[in-house]
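Structural features, examined
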Amino acid sequence: MRILSGIQPSNKIHIGNYFGAIKQFIDLQDQGEALYFIADLHALTTVRDGARLDQLSLDVALDFLACGLDPSRCALFRQSDIPEIPELFWYLTVLTPMGLLEKAVSYKDKVARGFSAEAGLFTYPALMAADILLYGSDVVPVGKDQVQHLEITRDLAIKFNLAFVPKYDPSQPDGDRKGRGRGILKLPEARVLESTAVVPGTDGQKMSKSYGNVIEMFAEDSVVKKQIMTMKTDSAAVEDAKDPAATPILPLLRLFASPDEIAEHERTFREGGLGYGHYKARILELFHAHFGEARARRRELEKNRDHVEQVLRDGAARARSLAAPIMEDVRRAVGTRGLRPLGKG
Ligand code: ADP
Ligand code: TRP
């Protein structure tokens, strides 16, 4: 089984990214051939400062390693180190119906929030499809917001196979003895962990880098403390019963605490007697208990950036070796040859 996922280095990693995505990456790295990448080409849709993009990409690599992704068990790489990506992206783009992209929520959302409507943002789902289809990925662990992109990816794989594989039948994607052709691009499945599908931010909306409501995983102690202690609440007094909908406290406690402890917090919420500060301080304590080790590991890794660069180079070589046979089939099917070293072939 091939497992693939990526994260955009568009800002610092937060606990929503961890519980929604990275935690699954770690759990899955022993269940097959795992590939995890830093989606820097995607981040270019919003980051327009080369030095900053480079720094953020390296930061995400450090975050991945500190969280427990192990380069001996999975390939870690930068998207931009894979030249086959923009090539496959184009083969898919020529087949992508405008209507499919117009329906993509990510584009509609960003435009609604004031981002300018550039073609890169619009065609982003086709780039994401290339990321996934290039390696014949079976399983793609992501948060709920990415599920639509996976559906688009499957659609594009089917369109490609229908266009270029003689007698391809989507109901028999592996072909059969009756002469149906085997698909060149494999249809992947999204994997979403329902329990943590959406981690709320400190204002109660979905936690997101772009909403300024994050609890950062690797920020300094004082920053994390501020992010947690200024979380949204209402003005209920200490003795009052607390309205669970007035604050993200309970869902955040559920991420970290044991079932017994959660039940206790739910009870004191109902009965009153404890101020919001009490629960926030407990979240802070649990945050450090949960992430203390990863935070210390990251400080160590930061001292050896050359090692991280080497990990990324090795990861890219591994990923490209898995992509090579698939790209050979793709190029033969579409009638191109792909770049070869000068003088060869
Ligand atoms: P952001 O919304 O902060 O920009 P990204 O879109 O870069 O985050 O998401 C990276 C990964 O983390 C994706 O798989 C996404 O589904 C997951 N993710 C992001 N925010 C959350 C959240 N609040 N809860 C659960 N998963 C999340
Ligand atoms: N679009 C994803 C996000 O914003 C990042 C991403 C890019 C990705 N390519 C991917 C995730 C391929 C999974 C597979 O979070």
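You'll find the structure just up there.
Model, not experiment: these values are computed from the prediction.

On a plain count of helices and strands, the protein chain comes out with 13 helices and 5 strands. In terms of overall size, the protein chain behaves like a compact globule, its C-alpha atoms giving a radius of gyration of 22 Å where 345 residues would be expected to give roughly 20 Å. By principal-axis analysis of the C-alpha atoms, the protein chain measures approximately 75 × 45 × 40 Å. Within the protein chain, residue pairs in contact and separated by at least 24 positions form 76% of the contacts whose partners lie at least 6 positions apart. Only carbon and sulfur atoms are counted for the fraction: they give 52% of the accessible area of the protein chain, which is about 16600 Å². Positive and negative side-chain charges in the protein chain, numbering 46 and 47 respectively, have mean positions lying 5 Å apart.

Moving on, we come to the site of ligand 2. Neighbouring residues of ligand 2: 14 residues in total, closest Gln-8, Tyr-124, Met-128, Asp-131 and Gln-146. Take Tyr-124: an N or O atom from its side chain is 2.6 Å from a nitrogen atom of ligand 2. Within the side chain of Gln-146, one N or O atom sits 3.1 Å away from a nitrogen atom of ligand 2. Look at ligand 2: alone it shows 370 Å² of surface, and the protein chains cover 90% of it. For the shell around ligand 2, the elements supplying multiple residues, two or more each, are β1 (2-7) and α7 (119-133). Among the elements that line the shell around ligand 2, the one with the most residues is α7, at 4 residues. Its residues assigned to classes, the shell around ligand 2 comprises 8 nonpolar, 5 polar and 1 charged.

Before going further, it helps to examine the side chain of Thr-93. Assignment of secondary structure puts Thr-93 in helix α4 (residues 84-93). Residue Thr-93 is classed as buried on the basis of its relative accessible area, which comes to 19%. One polar contact links the side chain of Thr-93 to the main-chain carbonyl oxygen of Phe-89, over a distance of 2.7 Å.

With that settled, consider the pairing of strand β2 (residues 33-38). Taken across its 6 residues, β2 has 5 buried, putting it largely inside the fold. Pairing geometry for β1 and β2, over 6 bridges, is parallel. Within the sheet, the bridge partner assigned to Ile-3 lies in β2 and is Ala-34. Once the chain exits β1 it traverses helix α1 (residues 15-28) before rejoining the sheet at β2, and the crossover so formed is right-handed.

This paragraph deals with helix α11 (residues 259-271). Between its terminal C-alpha atoms α11 stretches 18 Å, which fits the 18 Å expected from 13 residues at 1.5 Å a residue. At its buried positions, α11 is contacted by α10 (249-256) and α12 (276-302). Directly beyond the C-terminal end of α11, a positive phi value near 80° is found at Gly-272.

Lining the immediate surroundings of ligand 1 are 17 residues, of which His-14, Gly-143, Asp-145, Val-199 and Lys-209 lie closest. Contacts to ligand 1 include Gly-143, whose backbone N or O atom sits 2.9 Å from an oxygen atom. A distance of 2.8 Å is found between a nitrogen atom of ligand 1 and a backbone nitrogen or oxygen belonging to Val-199. Here ligand 1 has 540 Å² of accessible area as a free molecule, and 91% of this is covered by the chains.

Turning to the nonpolar core, a few remarks are in order. Ranked by size, the top nonpolar core spans 56 residues in total, and within it Ile-15, Ile-22, Tyr-36, Phe-64, Leu-76 and Phe-256 carry the most contacts. Per-domain counts for this core show at least three residues from each of domain 1 (2-198 + 305-334) and domain 2 (219-300). Sequence-distant contacts of Leu-76, that is, excluding residues within four places in its chain, are made with Tyr-36, Phe-64, Leu-65, Leu-69, Val-311, Leu-312, Gly-315 and Ala-316. Tyr-91, Ile-132, Ala-316 and Ile-326 belong to the second-largest nonpolar core, a separate cluster that totals 43 residues.

Calculation notes
- Residues numbered from 1 in each chain as written.
- Chains lettered and ligands numbered in written order.
- Predicted model: local features only at pLDDT ≥ 70, side-chain atom pairs only at ≥ 80, totals over all residues.
- Heavy atoms only, no water.
- Helix = DSSP H or I, 4+ residues; strand = E, 2+ residues; numbered from the N terminus.
- Rg over C-alpha atoms; globule rule 2.2 N^0.38 Å.
- Contact = heavy atoms within 4.5 Å.
- Areas by Shrake-Rupley, 256 points an atom, 1.4 Å probe, with all protein chains shown as cover.
- Lys, Arg positive; Asp, Glu negative; His and termini not counted.
- Charge placed at Lys NZ, Arg CZ, Asp CG, Glu CD.
- Near = heavy atom within 4 Å.
- Polar contact = N/O pair within 3.5 Å; in protein donor to acceptor, adjacent residues only side chain to side chain.
- Nonpolar A, V, L, I, M, F, W, Y, C, P; charged D, E, K, R; others polar.
- Buried < 20%, exposed > 50% of the residue type's maximum accessible area, 1.4 Å probe, protein only.
- Pairing = 2+ DSSP bridges.
- Right-handed = clockwise from strand over helix to strand, strands pointing away.
- Expected span 1.5 Å × (residues − 1).
- Core = buried A, V, L, I, M, F, W, Y, C linked by side-chain atoms within 4.5 Å.
- Domains from an automatic or database assignment.

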